[in-house]
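Fold and contact review
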Amino acid sequence: MAIGIVGGVLLAVMRLSKNPVTSSIAWFYIWFFRGTPVLVQLIVWFNLGLVFEYINLGPFYKDEWSDFMTPFLTALLGLGLNEAAYMAEICRAGLLSVDEGQTEASHALGMSHAKTLRRIVIPQAMRVIVPPTGNEVINMLKTTSLVSVVQYPELLRAAQDIGQTSGAPAEMLFLAAAWYLLLTSVFSVGQYYLERYYARGSSRSLPATPFQKIKANVLSLSNRSSTTGGTA
Amino acid sequence: MTAMVKAEGVHKSFGPVEVLKGIDLEVKSGEVFCLIGPSGSGKSTFLRCINHLEKINAGRLYVDGELVGYRQKGDKLYELKDSEVAVKRRDIGMVFQRFNLFPHMTAVENVMEAPVQVKGVSKSQARTRAQELLDRVGLADKAGNYPSQLSGGQQQRVAIARALAMDPKLMLFDEPTSALDPELVGDVLDVMRDLAESGMTMIVVTHEMGFAREVGDSLVFMDGGVVVESGHPREVLTNPQHERTKSFLSKVL
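Rules of the game
Residues numbered from 1 in each chain as written. Chains lettered and ligands numbered in written order. Predicted model: local features only at pLDDT ≥ 70, side-chain atom pairs only at ≥ 80, totals over all residues. Heavy atoms only, no water. Helix = DSSP H or I, 4+ residues; strand = E, 2+ residues; numbered from the N terminus. Rg over C-alpha atoms; globule rule 2.2 N^0.38 Å. Buried < 20%, exposed > 50% of the residue type's maximum accessible area, 1.4 Å probe, protein only. Contact = heavy atoms within 4.5 Å. Pairing = 2+ DSSP bridges. Axes fitted to C-alpha atoms, helices over the stretch in contact; angles between N-to-C directions. Patch = residues over 30% accessible without salt bridge, like charges linked within 9 Å, V, L, I, M, F, W, Y side chains within 5 Å. Areas by Shrake-Rupley, 256 points an atom, 1.4 Å probe, with all protein chains shown as cover. Salt bridge = Lys/Arg side-chain N within 4 Å of Asp/Glu carboxyl O. Phe/Tyr/Trp six-rings, centres within 6.5 Å; stacked < 30°, edge-to-face > 60°. Lys NZ or Arg CZ within 6 Å of the ring centre and 35° of its normal.

So, the overall build of chain B
Scanning chain B from terminus to terminus reveals 9 helices and 12 strands. Computed over the C-alpha atoms, the radius of gyration of chain B is 18 Å, within 12% of the 18 Å expected from 2.2 N^0.38 for a compact globule of 253 residues. For chain B, with 253 residues in total, the buried portion stands at 53%. Across chain B, contacts joining residues at least 24 apart in sequence account for 63% of those joining residues at least 6 apart.

Okay, structure coming up:
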């Protein structure tokens, strides 16, 4: 996912670049990785050894492809590169959502393109980028179950294996589902706080954290009960 | 007095539409120079050409004796690199019609941003200076507020402080009061009047004829991409020579 997010930001900036070479490279990448199923990409990565017998990075690294492309690396590359293509479009939407005047004001102050992007545009784009990225993170977490096709012992596969040997396959599947649910819940909480952070300045006061909300509710409840108690 | 800005036959087109059709004018150092005219006359575009937010298609534009956005080699003009343009823009402050404050930063952070990021001033130094500038525009107590918590007039005054933080030698104002409630216009004009008295060279695109008459040293009336009439504000505003100027002023005044 980290590969996906970093790659996505890079690709989005490249795509919006004025240079036709960089923007078309980004366009081509997105076209390719978004246009083929991730399952196919995973299998292709894993089986590239059938085409290239050795991987040869000059003096740095040389090995047989099948040794190099472990199931883990396949999963990392396959999912990461695919995700980058989707994240690129999300980031592009975010960057485009920031008012042109912000860039102008920053340029008028003498700030460079890179500084403008980093200090002014991206922090504002994040408000738009975070919610769909949350979607993507959760999607990605669930997509990891596809990795079982390249012999990687991920959650679903492990659950099935244990189910087979222990003779309780249904229970193990329920357990796997519960784990997925737990992990996505953890991410959702993280997303909430991230959104809250990037919302600063956009509304007049920050939204309350769940804890603050509960506290406020309890307080108002106890106030109400005390006042009704007083009249009765 | 030397010329701070000098324009020679400046042309600008957006596609097939020619917005500036040869502008010649000169802004002296320390002067308050007002640009007036109907919308679409090209006055804002001209202002944006001065700090190269828009590229000019023909003619020459000088700020403080140096070409804007280009380098001359022999007879040819070469466009400067973005980084070189950025260096030149440090000396030119700009205030926009719609403020364009950075919404994710507080007022004081808005003012600090450029000195810290561009000039490499230390944060504590920049903060002290920003606080002084906010004090100067009458907003010392609003330093910690985000732009969304400020009124339009307050936002525009923060924007002026932000531009001043770079110690510019020239300030460009693009209709700074057009987006404000009539009640709030006065505060912003007061700040600009103070600035004019301190000797800042200012080019002001405005519809505030009162301000132009009181504070302005020169005034240019533009229409259809050309300069129709220029002179001292009091003369042009009270005794316009051209028919076009007369009919425009009769509608605004």
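Next comes the rest of the description.
Notes on the sheet that holds strand 10 (residues 201-205) of chain B
Residue and element names in this part refer to chain B. Read across the open sheet, the 6 strands follow the order 8-9-10-3-11-12; overall the sheet is mixed. Both outer strands of the open sheet, strand 8 (92-95) and strand 12 (226-231), are each paired with one neighbouring strand and no more. Averaged over all adjacent pairs, the angle separating strand axes in this sheet is 20°, with direction ignored. Two strands pair when backbone bridges link them, and strand 11 (residues 218-223) and strand 12 are joined in this way by 5 bridges, in the antiparallel orientation. Its bridge partner being in strand 12, M222 is matched across the sheet by V227.

A word on a nonpolar patch on the surface
A cluster of nonpolar side chains, namely L175, W179, L182, L183, V186 and F187 of chain A, defines an oily patch on the protein surface of about 550 Å² accessible area. With respect to the helices and strands, L183 of chain A occurs in helix 9 (residues 169-198).

Some points on the packing of aromatic side chains
This model, assessed by the stated rule, comprises 7 aromatic pairs over all chains. Consider the rings of F28 of chain A and W31 of chain A, whose centres lie 5.4 Å apart with planes at 40°: the pair is tilted. On the criterion of helical spacing, the pair formed by F28 of chain A and W31 of chain A is a turn pair, its members being 3 residues apart in helix 2 (residues 20-35). Owing to a relative accessible area of 48%, F28 of chain A belongs among the partly exposed residues under this scheme. Between Y192 of chain A and Y193 of chain A, the aromatic rings sit 5.7 Å apart at their centres with planes inclined by 80°, giving edge-to-face as the arrangement. We classify Y192 of chain A as partly exposed; its relative accessible area is 27%. Put simply, the rings of W27, F28 and W31 of chain A touch in pairs and so form one group of aromatic residues. Lying across the ring of F102 of chain B, R162 of chain B places its NZ or CZ 4.5 Å from the centre.

Brief notes about the pattern of salt bridges
What the rule picks out here adds up to 20 salt bridges over all chains. Between R119 of chain A and E113 of chain B there is a salt bridge whose closest N-O contact spans 2.7 Å. Residue R119 of chain A is located in helix 7 (residues 113-143), and its partner E113 of chain B is located in helix 3 (residues 107-119); the two belong to separate chains. Assessed through its relative accessible area of 28%, R119 of chain A is described here as partly exposed. With a shortest N-O distance of 3.6 Å, E84 of chain B and R71 of chain B are connected by a salt bridge. Of this pair, E84 of chain B sits in helix 2 (residues 82-89) while R71 of chain B sits in strand 6 (residues 70-73), and the two are 13 residues apart along the sequence. Classification of E84 of chain B by relative accessible area gives partly exposed; the value is 25%. Several salt bridges share partner residues, and in doing so they unite R34, E89 and R92 of chain A into one network.

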